[in-house]
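For reference, the chains in residue letters:
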Amino acid sequence: PESGPMAGIPALATGKRSVPGDYDAVRKDISSILDVDGYDDGSYGPVLVRLAWHTSGTYDKKDGSGGSNGATMRFGPECDWAANAGLATARKLLEPIKAAHPWISYGDLWTLAGAVAIEDMGGPTIPWRAGRVDAPDGSKIVPDGRLPDATQGAKHLRDVFHRMGFDDKDIVALSGAHTLGRCHTDRSGFSGPWTNAPTTFSNLYFQELVNNKWVPKKWDGPLQYEDKASKQLMMLPSDLALLSDRTFKKYVYQYAKDEEAFFKDFAVAFSKLLELGVPNLPPA
Ligand code: ZEM
């Protein structure tokens, strides 16, 4: 059998061309490719959520540039940004779905895949609307450096997320996506998962954040933290910044106690993220 990240992709659920506008058919096919043995923790869900986030998180509210409209990560230089390392896996995974539903734009497909992945992994319903239009290769794109840097702290998180139009509560809620997935040394240089249930959407990230003692990991890689007791879980410096800032910390403790509040705030913020810079959306 094949090995590597593309091994064992199951056949699409519908597997046939759909009528333009049949987003439910696309949703079904996305759902059908999420679970797979032999890739990470058994799901492509986390890397699809990261694709949806990185295609959207380039937005600047000052001039309306960036965001998921255009799907410019298909092209250089954006596909080669260090921040986007590993996302070719997610983009390639969605190609058979694009082929079965050629009428959907890449921008809509990538963001819908993120929303469906969150929902299928047990998260809240993510309000999602179609309307992104793909831009041709060679279109003007935003400069590299708009996505957050994991080595930095609270001020940097505010600079980046306030630029997109988010507030401090949104920053903490959105960071809860790190309940999913893991870091890969061959992508970001960091290593390991934030939780012991990285394919289930929950508030576990916040619980782990507050319930463990986090100590610097002794290794050759970049500074990251491990839980002192089991050494199996990790936090990035930017994750721990949520504990060292008074305002952020208040929301971390709230979400650790109240999963329903986290789900509600995450759904609103993630939906807003996916729509940043997308013109002419249909009424909600
Ligand atoms: Zn992440 N993220 N992220 N993130 N992220 C990684 C992985 C994942 C930051 C960051 O530097 C990193 C948000 C916010 C921030 C996900 C979703 C969201 C990784 C590891 C890094 C280094 C990449 C790798 O090695 O594969 C920083 C600094 C953030 C600032 C707050 C937001 C917001 C997200 C969505 C709402 C997800 C799901 C992953 C796991 C990917 C995977 O492949 O498992």
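Residues take numbers from 1 onward in each chain, read along the sequence in its written order. With the structure being a predicted model, the display of local features is reserved for residues of pLDDT at least 70 and the display and counting of side-chain atom pairs for 80 or more, all residues being used for whole-chain, interface and lining totals. Note that water and hydrogens are dropped before the side-chain values are worked out from all heavy atoms of the structure.

Points about the coordination of the zinc atom of the ligand
At step 1: Inspection of the coordination sphere of the zinc atom of the ligand shows a single protein donor, His178 (NE2), at 2.2 Å.
At step 2: Helix and strand assignments follow DSSP, with helices taken as H or I runs no shorter than four residues and strands as E runs no shorter than two, numbered in order from the N terminus. Considering the arrangement of structural elements, one finds His178 in the loop between α7 (168-175) and β1 (182-183). For Na, K and Ca the donor cutoff is 3.2 Å, while for all other metals N, O and S atoms count as donors only within 2.8 Å; water does not appear among the atoms, so some sites may look incomplete.

Concerning the packing of α7 against helix α11 (residues 259-275)
At step 1: Lines fitted to C-alpha atoms define the axes, with helix axes restricted to the stretch in contact, and inter-axis angles between N-to-C directions lie between 0 and 180 degrees. It is the contact of α7 with α11, at a shortest axis distance of 9 Å, that shows an interaxial angle of 100°. One element, α7, and the other, α11, form an angle in the roughly perpendicular class. Note on element contacts: α11 touches α7 through Phe262, Asp265, Phe266, Ala269, Phe270 and Leu273, opposite Lys169, Asp170, Ala173 and Leu174.
At step 2: Each residue gets one label: Ala, Val, Leu, Ile, Met, Phe, Trp, Tyr, Cys and Pro are nonpolar, Asp, Glu, Lys and Arg are charged, and the others, such as Gly, are polar. Each residue belonging to the contact of α7 with α11 can be placed in one class, and the counts come to seven nonpolar, no polar and three charged. In this scheme, roughly parallel covers angles under 35 degrees and roughly antiparallel covers those over 145, while 65 to 115 is roughly perpendicular and the rest are oblique. Contacts are assigned to residue pairs that have any heavy atoms within 4.5 Å of one another.

Re the packing of helix α10 (residues 246-257) against α11
At step 1: Where α10 contacts α11, the axes come no closer than 5 Å and their chain directions differ by 115°. The residues of α11 that touch α10, namely those facing Gln254, Tyr255 and Lys257, are Glu259, Ala261, Phe262 and Asp265.
At step 2: Of the residues assigned to the contact of α10 with α11, the class counts are three nonpolar, one polar and three charged.

Remarks on the confidence of the model for the protein chain
At step 1: Confidence of the prediction at every residue is given by pLDDT, a number between 0 and 100. Per-residue confidence for the protein chain gives a mean pLDDT of 95, with 95% of residues at or over 70.
At step 2: Here helix α4 (residues 95-100) stands out as the least confident element of the protein chain, with mean pLDDT 95; α7 is the most confident, with 99.
At step 3: Across residues 1-8 the pLDDT falls below 50, and counting only partners more than four positions away or on other chains, this stretch makes twelve contacts in the model.

Considerations on α11
At step 1: Multiply 1.5 Å by the residue count of a helix minus one, and that product is the helix's expected span. Taking 1.5 Å as the rise per residue, α11 with 17 residues should run 24 Å; its terminal C-alpha atoms sit 24 Å apart, in good agreement.
At step 2: Where burial is concerned, most of α11 is hidden: twelve out of the 17 residues are buried.
At step 3: What α11 keeps buried is the set Ala261, Phe262, Phe263, Asp265, Phe266, Ala267, Ala269, Phe270, Ser271, Leu273, Leu274 and Glu275.
At step 4: Summarising the contacts, the buried residues of α11 are in contact with α2 (45-56), α5 (106-120), α6 (154-164), α7, α8 (204-211) and α10.
At step 5: Two or three places before Glu260, at the opening of α11, Asp258 has a side-chain oxygen 3.2 Å from that residue's backbone nitrogen. Each residue's exposure class comes from its accessible area (1.4 Å probe, protein chains only) as a fraction of the maximum for that residue type: buried when under 20%, exposed when over 50%, partly exposed otherwise. Polar contact is the term for a pair of N or O atoms within 3.5 Å; when the atoms are in protein, one must be able to donate a hydrogen and the other to accept it, and sequence-neighboring residues count only if both atoms are side-chain atoms.

Things to note about the site of the ligand
At step 1: We call a residue near a molecule or strand whenever a single non-hydrogen atom of that residue lies within 4 Å of it. Around the ligand, the surrounding shell holds 26 residues, and the nearest of these are His178, Gly181, Arg182, His184 and Ser188.
At step 2: His178 has a polar side-chain atom sitting 2.9 Å from a nitrogen atom of the ligand.
At step 3: Grid spacing is 1 Å over the protein atoms alone, the probe is 1.4 Å, and a cavity is where that probe fits but cannot get out, while a pocket is an open set with protein on both sides within 12 Å along at least five of seven lines and lining residues have an atom within 4 Å of a point. More than half of a molecule's atoms within 2 Å of the grid points is what it takes for that molecule to sit in a cavity or pocket. Among the detected pockets, the ligand sits in the largest pocket.
At step 4: Residue assignment for the shell around the ligand shows that the elements contributing at least two residues are α2, α6, α7 and β1.

Considering the side chain of Ser175
At step 1: Turning to its location among the elements, Ser175 is positioned in helix α7.
At step 2: Using a relative accessible area of 15% as the deciding quantity, one classes Ser175 as buried.
At step 3: If we ignore the near neighbours within four places in the chain, the residues touching Ser175 are Tyr205 and Leu242.

Regarding the sheet that holds strand β3 (residues 214-216)
At step 1: At least two DSSP bridges between two strands are required for those strands to pair. Judged by pairing direction, the sheet is antiparallel, and its three strands sit side by side in the order β3-β4-β5 without closing on themselves. Since the sheet does not close on itself, it has two edges, and those belong to β3 and β5 (234-235), each with one partner.
At step 2: As paired strands, strand β4 (residues 225-227) and β5 are joined by two bridges and run antiparallel to one another. By the bridge assignment, Glu226 is partnered in β5 with Met234.

Observations regarding the pattern of salt bridges
At step 1: What counts as a salt bridge is simple: a side-chain nitrogen of Lys or Arg found within 4 Å of a carboxyl oxygen of Asp or Glu. A complete count under the given rule lists ten salt bridges for this structure.
At step 2: One salt bridge connects Arg27 with Glu119, and the closest N-O pair in it is separated by 3.3 Å. Taken as a pair, Arg27 in helix α1 (residues 23-34) and Glu119 in helix α5 lie far apart in primary sequence, 92 residues in all.
At step 3: The class for Glu119 is partly exposed, based on a relative accessible area of 22%.
At step 4: Across the pair Lys169 and Asp265 runs a salt bridge whose closest N-O atoms are separated by 3.7 Å. Here Lys169, found in helix α7, pairs with Asp265, found in helix α11; they are 96 residues apart in sequence, far enough to count as distant.
At step 5: We classify Asp265 as buried; its relative accessible area is 14%.

Some remarks on the packing of aromatic side chains
At step 1: Two aromatic rings, drawn from Phe, Tyr or Trp (for Trp, its six-membered ring), form a pair once their centres lie within 6.5 Å of each other, and the interplanar angle then sorts them: stacked below 30 degrees, edge-to-face above 60, tilted otherwise. Throughout the structure, instances matching the rule amount to 16 aromatic pairs.
At step 2: When the centroid spacing of 5.7 Å and the interplanar angle of 55° are considered together, the rings of Tyr255 and Phe262 count as tilted.
At step 3: Taking the relative accessible area as the measure of exposure, Phe262 reaches 0% and is therefore buried.
At step 4: The structure contains a cluster of three or more aromatic residues connected by ring pairs, namely Phe201, Tyr205, Phe206, Tyr255, Phe262, Phe263, Phe266 and Phe270.
At step 5: Only when the NZ of Lys or the CZ of Arg is both within 6 Å of the ring centre and within 35 degrees of the ring normal is a charge said to sit over the ring. Across the ring face of Phe248, the terminal group of Arg158 is positioned such that the distance to the ring centre comes to 4.3 Å.
At step 6: One cation-aromatic arrangement involves Lys217 over Trp219; the distance from NZ or CZ to the ring centre is 5.2 Å.

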